[in-house]
Every structure is written in structure tokens, then in C-alpha cells.
Amino acid sequence: MTLKMITNCKRCSQHIQENGAAYICVEECTYCESCADVLEHTCSTCSGELVRRPRHAMSAHKTANRSGWSAYGMLPY
Ligand SMILES: [Zn+2]
Ligand SMILES: [Zn+2]
């Protein structure tokens, strides 16, 4: 399993790079910046608010209680 901070936008399937802007909703759907704009920062799947995903600075202490993050391959679990 290759662990890289690369995520695909749920809407356009574009790769979101580690240092690129990404938006994520409460259900952890991920979108690129342009799709988040088009969707007016509202998730098209669950209608949750899209918030900007922290960049590389994201660290374990902030995500320890959100096991769901590991599904994105962002943490080396
Ligand atoms: Zn997109
Ligand atoms: Zn969602």
C-alpha cells in the first residue's frame, strides 16, 4: 500500500496533490478547489459544508481522534 497524500476529487476525479488546495466535508468527501467553488462549498453527496483541508502540516495529534482520515492515505497507519 502506497501512502501518499494524494486524493481524488469526488466530483471531477482530479488528483489533489499534497500541497494543493482541497476541501473536505463532514462525511470526508473530498473536492478540489474549483469544484468546491462550483458547489458553493456544499457537498453534493451529503450537503455538508466543505472546509479547507489542512496541508502538509497536518499531524497525528490533530487527527488521532479522526480515524477516518487514514482512509485518505494521509497517515502511515
Ligand atoms: Zn474537482
Ligand atoms: Zn459529503
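Refer to the preceding data block for the structure.
A brief report on the enclosed structure follows.

Analysis parameters
Residues numbered from 1 in each chain as written. Chains lettered and ligands numbered in written order. Predicted model: local features only at pLDDT ≥ 70, side-chain atom pairs only at ≥ 80, totals over all residues. Helix = DSSP H or I, 4+ residues; strand = E, 2+ residues; numbered from the N terminus. Core = buried A, V, L, I, M, F, W, Y, C linked by C-beta atoms within 7 Å. Buried ≥ 20, exposed ≤ 12 C-beta atoms within 10 Å, placed from the backbone. Contact = placed C-beta atoms within 7 Å.

## Structural notes on the overall build of the protein
- Scanning the protein from terminus to terminus reveals two helices and five strands.
- When its helices and strands are written in sequence order, the protein yields β-β-β-β-α-β-α.

## Focus on the nonpolar core
- Counting residues in each nonpolar core, the largest one holds eleven residues, listed as C9, I16, A22, Y23, I24, C25, Y31, C32, A36, C43 and L50.
- Listing elements by their share of this core, those giving two or more residues are strand 3 (22-24) and strand 4 (30-32).
- Leaving out residues up to four positions away in the same chain, C43 has contacts with C25, E27, C29, G48 and L50.

## Considerations on unusual backbone geometry
- The phi torsion at E40 lies on the positive side, around 55 degrees, for a residue other than glycine.
- Summarising the element assignment, E40 is placed in the loop between helix 1 (33-38) and strand 5 (51-52).
- Residue class for E40 comes out exposed when judged on the 7 C-beta atoms lying within 10 Å of it.
- Of note, the phi angle at S47 is positive, near 65 degrees, even though the residue is not glycine.

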